[in-house]
Amino acid sequence: MKKILLCTDGSIFAENIYRYGAWLATGLGAEVKVLSVTDIRSQQVASTGNLSGSIGLGASEDLLKQLVDLEHEKAKINNQRAKLILQTAEQSLKSAGVEQVQLIHKTGFLVDCFYEFEAESDLIVLGKRGEAAEFASGHLGANMERIVRSSHKPCFVTPREFKPINRILVAYDGSSTGKRILQFLIHFPLFKGLELHLLKVTKTENDSSATARIDEARNVLETAGIEANYQLKVGESEKIIAQYINDQEISLLLMGAYGHSRIRHLVIGSTTAQVLRSSHIPVLLFR
């Protein structure tokens, strides 16, 4: 895992995106590509259409010229803003020890520009919300949801505040995605020395399949020389996971973006979405 794509819009989430991105990059020995996309809608102004019949030809032409001048000025300001965002990202990452940083500015829509760079990346880093965070604090960012549900790479979703990572939790369900999470833990030294917890949530008591999945995970990790605290709990997944995070002071959650009953490409899993909304820690999502 040598290439990280970090998406930023310069919002209140941005500074901690850089801090988490630096932690990942230095731990993985990876280079970081920082992508900032200027939303094309911010450079569009209203068209005059054909107003000559209502306000006169001369007035219409004068209004059109003013709108064109305004559009050019907005484009200049947006380019200057993007430059400052990228410069700040580079300074933050390099001051945190990241040696290789590449800056990329695009104009358009993030969800469209994103795919151009995803294929070359091993890990995606983005904030839980973006520029509208202050106005939609109870919701997930639209760009974040679209990227998570369509990306084929692991997505590291950051919260508003940064906290050092020292205790991690794997929400394990025994799926193929869950098994990939275990292999990720084994093959990358990023988590070495951190306290590891593995939690399986079941809806019923005496669930033999849930116990078997815990034993399966234990066998995989112990064979690789990794110690963990294994827990099997009964209840609703999102509530149990959230409570466990709070009780054990977990600082990073690893889980699948979808559960067994997922509707692919439409929504991220309901448990995943609820955990992301309520959690104040970063979540590393796999699919």
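- The chain is annotated in an unreviewed UniProt entry as Universal stress protein of Limnoraphis robusta CCNP1315.
- Per its UniProt entry, the chain bears the Sequence similarities (unreviewed entry) comment "Belongs to the universal stress protein A family."

Here's the deal with the packing of aromatic side chains
Next up, step 1: For the coordinates displayed, the defined rule picks out seven aromatic pairs.
Next up, step 2: Centre to centre, the rings of Phe184 and Phe191 are 5.7 Å apart; their planes meet at 55°, and the pair counts as tilted. As far as burial versus exposure is concerned, Phe184 and Phe191 are alike and both buried.
Next up, step 3: Aromatic pair Phe184 and Phe286: ring centres 5.2 Å apart, planes at 70°, arrangement edge-to-face.

A word on the environment of Thr211
Next up, step 1: Among the secondary structure elements, Thr211 is positioned in helix H7 (residues 208-223).
Next up, step 2: In sequence terms Thr211 and Lys200 are 11 residues apart; their C-alpha atoms lie 8.5 Å from each other.

Quick look at the UniProt feature "coiled-coil region" (unreviewed entry) in the chain
Next up, step 1: In this numbering, the UniProt entry assigns the feature "coiled-coil region" (unreviewed entry) to residues 60-92.
Next up, step 2: Annotation note: span residues 60-92, helix share 100%, strand share 0%, distance between end C-alpha atoms 48 Å.

Reading the values: rules and limits
Residues numbered from 1 in each chain as written. Predicted model: local features only at pLDDT ≥ 70, side-chain atom pairs only at ≥ 80, totals over all residues. Heavy atoms only, no water. UniProt positions renumbered as here; feature names shortened; annotations may be inferred. Phe/Tyr/Trp six-rings, centres within 6.5 Å; stacked < 30°, edge-to-face > 60°. Buried < 20%, exposed > 50% of the residue type's maximum accessible area, 1.4 Å probe, protein only. Helix = DSSP H or I, 4+ residues; strand = E, 2+ residues; numbered from the N terminus.

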